[in-house]
There are 2 protein chains.
Amino acid sequence: MSIFHHKKEISVQTIRRLPQYLRIFYNLHAYGRELVSSTALAEETQLLPIVIKKDLQSVGAPSKLRAGFKVAGTIAVIEKFLGWNNLNKAFLVGVGHLGAALLGFDGFKNHGLEIVAAFDTHPEKVGNALHGVRVYHTAQLAGVIEKENLKIAILTVPAAAAQGITDTLVAAGIKAIWNFAPVNLTVPAGVIVQKEDISSGLAELCAKLKSR
Amino acid sequence: MSIFHHKKEISVQTIRRLPQYLRIFYNLHAYGRELVSSTALAEETQLLPIVIKKDLQSVGAPSKLRAGFKVAGTIAVIEKFLGWNNLNKAFLVGVGHLGAALLGFDGFKNHGLEIVAAFDTHPEKVGNALHGVRVYHTAQLAGVIEKENLKIAILTVPAAAAQGITDTLVAAGIKAIWNFAPVNLTVPAGVIVQKEDISSGLAELCAKLKSR
DNA sequence: AAAATATAGATATCAAAATATCTATAAAGA
DNA sequence: TCTTTATAGATATTTTGATATCTATATTTT
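So, here's what we can say about the structure. Computed from a prediction, not measured in an experiment: that's the story for all the values here. (Residues numbered from 1 in each chain as written. Chains lettered and ligands numbered in written order. Predicted model: local features only at pLDDT ≥ 70, side-chain atom pairs only at ≥ 80, totals over all residues. Heavy atoms only, no water.)

### What about the packing of helix α1 (residues 12-30) of chain B against helix α4 (residues 71-82) of chain B?
Residues and elements named next belong to chain B. At a minimum axis separation of 10 Å, α1 and α4 run at an interaxial angle of 145°. For the pair α1 and α4, the crossing hand works out as left-handed. Listed contacts from α4 to Ile15, Leu18, Tyr21, Leu22, Phe25, Tyr26, Leu28 and His29 of α1 are Val71, Ala72, Thr74, Ile75, Ile78, Glu79, Phe81 and Leu82. When its residues are assigned to classes, the contact of α1 with α4 shows 13 nonpolar, 2 polar and 1 charged. (Axes fitted to C-alpha atoms, helices over the stretch in contact; angles between N-to-C directions. Helix = DSSP H or I, 4+ residues; strand = E, 2+ residues; numbered from the N terminus. Left-handed = near helix turned anticlockwise from the far one by under 90°. Contact = heavy atoms within 4.5 Å. Nonpolar A, V, L, I, M, F, W, Y, C, P; charged D, E, K, R; others polar.)

Listed below in structure tokens is the structure:
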């Protein structure tokens with residue numbers, strides 16, 4: 001056996017399930033539950049108990065033998081793993097239908113995200129505030145990013161505009177882009193792009209519908 | 001060798017990539033391109049050529065040796081596979097920020113979906129039209145579903161209301177629910193639920209950010 | 001005409017993820 | 001006290017998906 005400890009890699013799929021667990025654990029905590037077993041969680045999530053067990057073990061969730069996982073402690077390790085124990089300042093580019101909806105979503109505070117600014121090019125939007133977030137003109141992007149030292153961008157612009165704005169964001173030192181535009185962005189190594197595309201989910205649904 | 005032909009199973013991941021291919025093929029078609037190779041597509045999508053090749057082969061995309069896949073023919077097979085070659089009537093329940101944004105998204109016409117009605121409980125929304133879609137009171141759900149023979153529901157209500165409405169939908173004969181509420185719905189076998197959860201994507205992004 | 005090349009097509013290998021099985025133990029019940 | 005049981009913990013197996021390699025061939029180049 002090696003004397004080196006290999007840091008256990010946590011799979012992407014596990015990471016994607018963590019928010020779901022977190023939501024349930026928040027509820028349990030609010031109801032005063034201190035322990036919950038993987039079998040109980042399995043009913044709630046419709047996942048297999050063993051999937052949940054392995055997911056929680058992999059982030060180091062504390063447990064009590066024969067009793068389940070500790071609610072408060074598990075919340076703490078998941079939040080810490082995701083960095084959701086303190087808020088990251090972020091901003092949004094493109095105040096269209098989707099962008100406005102995201103600005104109105106107050107759940108981000110539970111997800112480590114605080115949207116502190118928005119950007120758009122339409123004169124009737126610039127200068128106003130939407131859901132308490134001020135809308136700047138896109139031309140001011142670089143300045144605001146630098147002044148506020150922002151690292152995370154939420155991109156909700158039309159496909160045609162996405163790459164151009166991305167180049168501006170990268171030049172301004174942005175480290176992560178959450179991309180809702182239906183294009184693949186080209187960025188230098190080191191910049192993280194997380195693509196979101198609901199048409200994938202719709203395709204999955206339609207494929208299931210057809211094969212019945 | 002068996003005399004039975006085993007219908008090749010198409011993987012979920014392949015299905016989720018199909019809309020992306022379709023978008024690119026629409027563009028190519030608009031520009032008059034008749035053939036495109038997997039290597040060319042790989043640059044555009046940032047996927048490996050072999051992934052694309054296998055994906056397209058698995059839905060039976062027509063090709064020409066040494067030249068690539070046929071643009072028009074590939075569009076046809078993908079659309080057919082997903083059932084996007086003709087419109088499915090759908091409706092939306094919950095005209096909040098997200099629901100309104102989805103109503104305003106006109107791209108659904110390219111995705112085999114036509115939203116013909118919306119439902120909400122707020123008196124100031126009921127009776128109006130939003131983006132050309134009439135908003136009914138949720139109490140009228142069963143009636144409208146039956147009258148219009150609707151099969152696909154888009155659920156954008158708060159978590160607390162989701163299961164109750166789902167029960168109504170199921171009782172009214174709905175076959176598929178595209179669920180944007182952050183809960184796991186319980187439905188009888190045969191009803192398809194496709195869950196959409198952007199917090200998974202955010203978790204992925206945050207995990208990547210932390211591990212740099 | 002001959003050689004080189006880029007491609008789909010087919011098959012094989014590898015990696016990731018899900019699932020199953022086994023073990024030890026603390027708690028509950030007889 | 002003894003037995004049963006539900007659980008986390010650990011390991012093994014299976015399945016799924018991604019990646020690599022090889023082949024045949026139409027096209028292009030020489």
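After presenting the structure, the write-up continues.
### Comments concerning the protein's contact with DNA strand D
Neighbouring DNA strand D are 21 residues, the closest being Ser38, Ser63 and Arg66 of chain A together with Ile50 and Arg66 of chain B. Within the contact set of DNA strand D, a base oxygen lies 3.3 Å away from a side-chain nitrogen or oxygen of lysine 53 of chain A. Elements represented by at least two residues in the surface near DNA strand D include exactly α2 (38-45), α3 (49-58) and β3 (68-70) of chain A together with α1 and α3 (49-58) of chain B. Residues belonging to the surface near DNA strand D are distributed by class as follows: 7 nonpolar, 8 polar and 6 charged. (Near = heavy atom within 4 Å. Polar contact = N/O pair within 3.5 Å; in protein donor to acceptor, adjacent residues only side chain to side chain.)

### Examining the environment of aspartate 120 of chain B
Residue and element names in this part refer to chain B. As for its position among the elements, aspartate 120 is in strand β5 (residues 113-120). Spatially, the C-alpha atoms of aspartate 120 and glutamine 140 are 9.8 Å apart, while their sequence positions differ by 20 residues. In contact with aspartate 120, other than residues within four places in its own chain, are Gly94, Val95, Gly96, Lys125, Val126, Val135, Tyr136, His137 and Thr138. In this structure the side chain of aspartate 120 is engaged in a polar contact, spanning 2.6 Å, whose partner is the backbone nitrogen of valine 95.

### Quick word on the interface of chain A and chain B
Taken together, the contacts link 54 residues of chain A with 54 residues of chain B. Looking only at chain A, the three residues that lose the most surface to chain B are Ile198, Leu202 and Leu205 of chain A, adding up to 12% of its buried area. On inspection of chain A and its partner chain B, the count reaches 4 salt bridges. For the salt bridge of arginine 23 of chain B with aspartate 197 of chain A, the shortest nitrogen-to-oxygen distance reads 2.9 Å. Counting across the chain A and chain B interface gives 16 residue pairs in polar contact (both at pLDDT 80 or more). Only α1 (12-30), α2, α4 (71-82), α5 (97-103), β9 (176-179), β10 (192-195) and α8 (198-210) of chain A provide two or more residues apiece to the side of chain A that touches chain B. With 13 residues, the single largest contributor to the side of chain A that touches chain B is α8 of chain A. (Buried area = accessible area lost by both parts, 1.4 Å probe. Salt bridge = Lys/Arg side-chain N within 4 Å of Asp/Glu carboxyl O.)

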